[in-house]
Every structure is written in structure tokens, then in C-alpha cells.
Amino acid sequence: MEKATFGAGCFWGVEHFFREVPGVSDAVSGYAGGHVENPTYRQVCTDTTGHAEVVEVTFDPAKVGYERLVDLFFKMHDPTQLNRQGPDFGTQYRSVIFTHSPEQKRIAQERKDALNAAHAFPRPVVTSVEDARPFWPAEDYHQRFLEKNNRPSCHVTYRELEGQ
């Protein structure tokens, strides 16, 4: 099993999306990229901790490749929006890929560069590609939030994206 960490706005929809992907065994909402240890949601929402809302994905590379996860990440949100997704704004909602190995970093950067070179979006992709930093799981009430609260996702779902 391997880890991948993605930030694409509110973590509820990102977590829900990746949980649907075949080959993903777990997706956990949390925080990464900041300077506060074990931050709380309230702290992160102040936009002063440096943390982004992220999802740590555990996947079986024999069933789904990291390349596929990165491609899905770029399709499931708008990677051209700086520090926001939909109605949510602030650096905690930035588009970011935290990489766990040199290979992941190479793949993520190559995919981003290819999208920009192909002008795949009307504006440049602003997703940052950074080395993984400590991951802090979000509070229990954030885990599987959409499932537990029977709420629709503000992100496209994997099933919608794949036409299922």
C-alpha cells in the first residue's frame, strides 16, 4: 500500500471522491502544509496556520496507479483557482499535491506541466506540488462527513466523472 495526499478545496468532497476509486482502501480528511502541530478545524479556518484541508489516500498500486490518482485529482476540481474552490476561499482551500517520494513528485509535476502546455484549462494550473509534510487527521466528525450527514458533494463524484 502507498499514500498520496491531495488538497482540492473542502476535504469532505475530496474524501468522498477518492473513497469511490477502485484500488483506494482508505481516504482520511485532515490538514497538512502548515506550521501548527495537531491543528483543529477552528484554527485552520482562521487561515493563519499555513495548513491546507487535504485528504490522505491509501491505495494499492497494483490496482490503481499514482498517475491515475493524479489525473483524477486534476479532473475533480478546478486547479486554476488560487486559494479557493467554489464558495470556499483562503489558503486552506488551495490546490496542492503533497508528494511522498521523488517518483510521485516527478509524476505530479509532469502532469501539471503537461496540462499547462496543452492549455487544457482556460487559465494556468496553479496547483502546488510539494514534499509531504506531517499529516494531521481532522476531527472525527469530519471523517466520512457527506456519508454520515447524507449531504451532496460540492465536488464532482468519481461515479459522475466516470459516467457510472
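Scroll up for the structure.
Here is a short report on the structure shown in this document.

Scoring rules and cut-offs
- Each chain carries its own residue numbering, running from 1 in the written order of its sequence.
- Since the coordinates come from a predicted model, pLDDT governs what is reported: local features require at least 70, and pairs of side-chain atoms require 80 or more to be given and counted, while whole-chain, interface and lining totals use all residues.
- The basis for every side-chain value is the complete set of non-hydrogen atoms in the structure, without hydrogens or water.
- Of the grid points, spaced at 1 Å and generated over the protein atoms alone, those admitting a 1.4 Å probe that cannot get out make up cavities, while open sets with protein on both sides within 12 Å along at least five of seven lines make up pockets; any residue with an atom within 4 Å of a point is treated as lining.
- Grid points are joined across faces, edges and corners, and a volume is the space filled by probe spheres set on the points.
- Put simply, DSSP H or I for four residues or longer makes a helix, DSSP E for two residues or longer makes a strand, and each gets a number counted from the N terminus.
- Three exposure classes are used, based on accessible area relative to the maximum for each residue type with a 1.4 Å probe and protein chains only: buried under 20%, partly exposed in between, and exposed over 50%.
- We call a set of buried Ala, Val, Leu, Ile, Met, Phe, Trp, Tyr and Cys residues a nonpolar core when their side-chain atoms join them within 4.5 Å.

## What about empty space enclosed by the protein?
A probe matching the size of a water molecule, rolled over the atoms, marks out where space remains unfilled.
And then number 1: A full pass over the atoms with the stated rule returns one cavity of 30 Å³ or more.
And then number 2: The volume enclosed by the largest cavity comes to roughly 30 Å³.
And then number 3: Lining the largest cavity, in full, are Trp 12, Glu 15, His 16, Arg 19, Arg 144, Phe 145, Leu 146 and Glu 147.
And then number 4: At the level of secondary structure, the elements contributing two or more residues to the lining of the largest cavity comprise α1 (11-19) and α5 (145-149).

## Let's talk about the environment of Gly 13
And then number 1: Residue position: Gly 13 is located in helix α1.
And then number 2: On the basis of relative accessible area, Gly 13 is assigned to the buried category, the value being 1%.
And then number 3: Distance from Gly 13 to Ser 29, taken between C-alpha atoms, is 9.7 Å for residues 16 residues apart in sequence.

## A short note on the nonpolar core
And then number 1: Phe 6, Phe 18, Val 21, Val 57, Tyr 66 and Leu 69 are the most contacted members of the largest nonpolar core, which has 34 residues in total.
And then number 2: Counting residues per element, the ones that place at least two in this core are β1 (2-8), α1, β2 (24-32), β3 (52-59), α3 (66-76), α4 (102-117) and α5.
And then number 3: If you tally residues by element for this core, the top one is α3, at seven residues.
And then number 4: Core analysis: the second largest hydrophobic core is formed by seven residues, Ala 52, Val 54, Val 96 and Phe 135 among them.

Interpretation in functional terms is not warranted from these geometric data alone.
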